[in-house]
Amino acid sequence: MSEDLPPFMNDESQSPPPIDGGGSFAESMGAFGKMLKIQEKISDQFPKSKVPWSETRKFLKAHDINTIKSTPLYKFHMDLFKKIGLGDMQLVSYAPMHYIFAVPNCPVCSLYPALENQKVCVATSDALHRFFTEDLELECTVEEIECVKDGDKLCKFKVDLQPISAYQIMLDSYDKRILHGERPSEIDEVDIQQRIETLTVYKLIENGKLTDIGDAYLQYAGNIEVEEKEFEPPWKKQEELAEIASKKKTFGAAFGEMAQKVQKEDNSQQSQSQSSDTQEKQDDKKSEESKEESKDTQSFAELFEKMKKKQK
């Protein structure tokens, strides 16, 4: 078995139904090609979509649907899955540690036009599992609970987080001190009350006192020291592009400023031993390449993809 294949292609128990489904050979090949494209995009995008704990923490501490949807991570998640080809996913139900996502007009279902009375969106379930476990570092289980091909109105997927994994990321040092009965003087009372509310929602404390769940966490996992890695979230560069575009008004001006920014970042990483003459030639070449790409690029999304390739 190949480690490069998605789990449902390696695990017979999780394999999707045959794509032919009674259709013609041409339809079957077309559907298979679309599925491969989705998997190629997943393999390309997910390694570049790792999210820092600081952003995942905001997502976990948002304990109602509207607040969750306002987090940068949620928007990035929805945009990423749409870009991959998994449709317009949206959060439709929430309870602490439990999320239900729905996909209207699920594109995966369209790959099985002749199939009925069964759930077929294993590719979407697999993508959700990979995103949460690999990019967010949240252990979880994912299950398709409703499917259009099984007679339901929407395809729905339930994501259940493993509590210890979620607590490890969600609780920072201040939260742990509150669990121990302290009131950190470094943060204000409003912040403390918000943290107490979150800890109550997650059933770690109740009426200001540690619950059995909270006590168990502190005993078995609360004192485990894990170094939190700090890095920019994957959507930061895209936000910079949008900000520059809004200020510059024109596509050409936006591209020019962003190209200069990327060029300066590249230059700072080059060896100091390079001669100034060689450096000037490289700068001139990059500048000309940027101008040519600007002429050929038809959309901002296209420009963004080119810029990311230039940074590799």
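Please refer to the structure placed before this passage.
Since we're looking at a predicted model, the values are computed, not measured.

J.: Report on the overall build of the protein chain, specifying residues and quantitative values.
T.: When its secondary structure is counted, the protein chain shows 14 helices and six strands. Looking at the protein chain as a whole, 40% of its 312 residues qualify as buried. For the protein chain, restricting intrachain contacts to residue pairs at least 6 apart in sequence, the fraction spanning at least 24 positions comes to 61%. Only carbon and sulfur atoms are counted for the fraction: they give 50% of the accessible area of the protein chain, which is about 17700 Å².

J.: So what about helix α5 (residues 72-84)? Which residues, and what values?
T.: Between its terminal C-alpha atoms α5 stretches 18 Å, which fits the 18 Å expected from 13 residues at 1.5 Å a residue. By the burial criterion, the buried members of α5 are Leu-73, Tyr-74, Phe-76, His-77, Met-78, Leu-80, Phe-81 and Ile-84. Gly-85 sits one or two positions beyond α5 and adopts a positive phi of about 115°.

J.: I'd like a rundown of the nonpolar core, residues and numbers included.
T.: Where a protein is soluble and globular, its nonpolar side chains tend to be buried together. Counting 65 residues, the largest nonpolar core has Tyr-99, Phe-101, Phe-132 and Leu-161 as the members making the most contacts within it. Take this core: its biggest share by element is seven residues, from α5.

J.: How would you summarise the sheet that holds strand β1 (residues 90-95) if you had to cite specific residues and measurements?
T.: If you trace the four strands from one edge of the open sheet to the other, you get β1-β2-β4-β3, paired in antiparallel fashion. Because the sheet does not close on itself, it has two edges, and the strands there are β1 and β3 (140-146). Direction aside, neighbouring strands of the sheet carry axes that sit 20° apart on average. Pairing of β3 with strand β4 (residues 155-161), which is carried by six bridges, proceeds in the antiparallel orientation. Paired with Glu-143 across the two strands is Lys-158, which belongs to β4. Contacting β2 (98-103), β3 and β4, helix α6 (residues 122-135) runs over the sheet at an angle of about 155° to β3.

J.: Lay out the pattern of salt bridges in plain terms, naming residues and giving numbers.
T.: Going through the model one piece at a time under the given rule, you end up with 17 salt bridges. For Glu-134, the salt bridge is made with Arg-130, and the minimal N-O distance between the two is 3.1 Å. In this pair, Glu-134 and Arg-130 both sit in helix α6, four residues apart, roughly one turn of the helix. Connected through salt bridges with shared partners, the residues Lys-61, Asp-172, Asp-175, Asp-191 and Arg-195 form a single ionic network.

J.: So what's going on with the side chain of Thr-71? Which residues, and what values?
T.: Along the chain, Thr-71 turns up in the loop between α4 (65-69) and α5. Filtering out sequence-adjacent residues up to four positions away, Thr-71 remains in contact with Lys-58, Phe-59 and Ala-62.

J.: Outline unusual backbone geometry, listing residues and values.
T.: Even without being a glycine, Lys-203 presents a positive backbone phi close to 60°. Mapped onto the elements of the fold, Lys-203 is located in the loop between α9 (189-201) and β5 (205-206). Residue classification places Lys-203 among the exposed residues on the basis of a relative accessible area of 55%. One non-glycine residue, Asn-207, lies in positive phi territory at about 55°. Here Asn-207 shows up in the loop between β5 and β6 (209-210). For Asn-207, a relative accessible area of 72% corresponds to the exposed category.

J.: Which residues make up the pairing of β1, and what are the values?
T.: Inspection of the sheet shows β1 paired to β2 by five bridges, in the antiparallel sense. In the sheet register, Gln-90 faces β2, and the bridge partner there is Ala-102. The turn linking β1 back onto β2 is made up of two residues, and Met-97 within it adopts a positive phi angle of 80°.

J.: Got a sec to walk through the pairing of β2? Specific residues and values, please.
T.: In terms of residue burial, β2 counts as a mostly covered element, since five of its six residues are buried. Pairing geometry for β2 and β4, over six bridges, is antiparallel. Each bridged residue has a counterpart across the sheet, and for Phe-101 the counterpart in β4 is Phe-157.

J.: Pulling in residues and values, what's your account of the packing of helix α3 (residues 53-61) against helix α7 (residues 163-170)?
T.: Between α3 and α7, the shortest axis-to-axis distance is 8 Å and the interhelical angle comes to 115°. The chirality of how α3 crosses α7 is left-handed. Each of Trp-53, Thr-56, Arg-57, Leu-60 and Lys-61 in α3 lies in contact with α7, whose residues at this interface are Ala-166, Gln-168, Ile-169 and Met-170. Grouping the constituent residues of the contact of α3 with α7 by class yields five nonpolar, two polar and two charged.

About the thresholds
Residues numbered from 1 in each chain as written. Predicted model: local features only at pLDDT ≥ 70, side-chain atom pairs only at ≥ 80, totals over all residues. Heavy atoms only, no water. Helix = DSSP H or I, 4+ residues; strand = E, 2+ residues; numbered from the N terminus. Buried < 20%, exposed > 50% of the residue type's maximum accessible area, 1.4 Å probe, protein only. Contact = heavy atoms within 4.5 Å. Areas by Shrake-Rupley, 256 points an atom, 1.4 Å probe, with all protein chains shown as cover. Expected span 1.5 Å × (residues − 1). Core = buried A, V, L, I, M, F, W, Y, C linked by side-chain atoms within 4.5 Å. Pairing = 2+ DSSP bridges. Axes fitted to C-alpha atoms, helices over the stretch in contact; angles between N-to-C directions. Salt bridge = Lys/Arg side-chain N within 4 Å of Asp/Glu carboxyl O. Left-handed = near helix turned anticlockwise from the far one by under 90°. Nonpolar A, V, L, I, M, F, W, Y, C, P; charged D, E, K, R; others polar.

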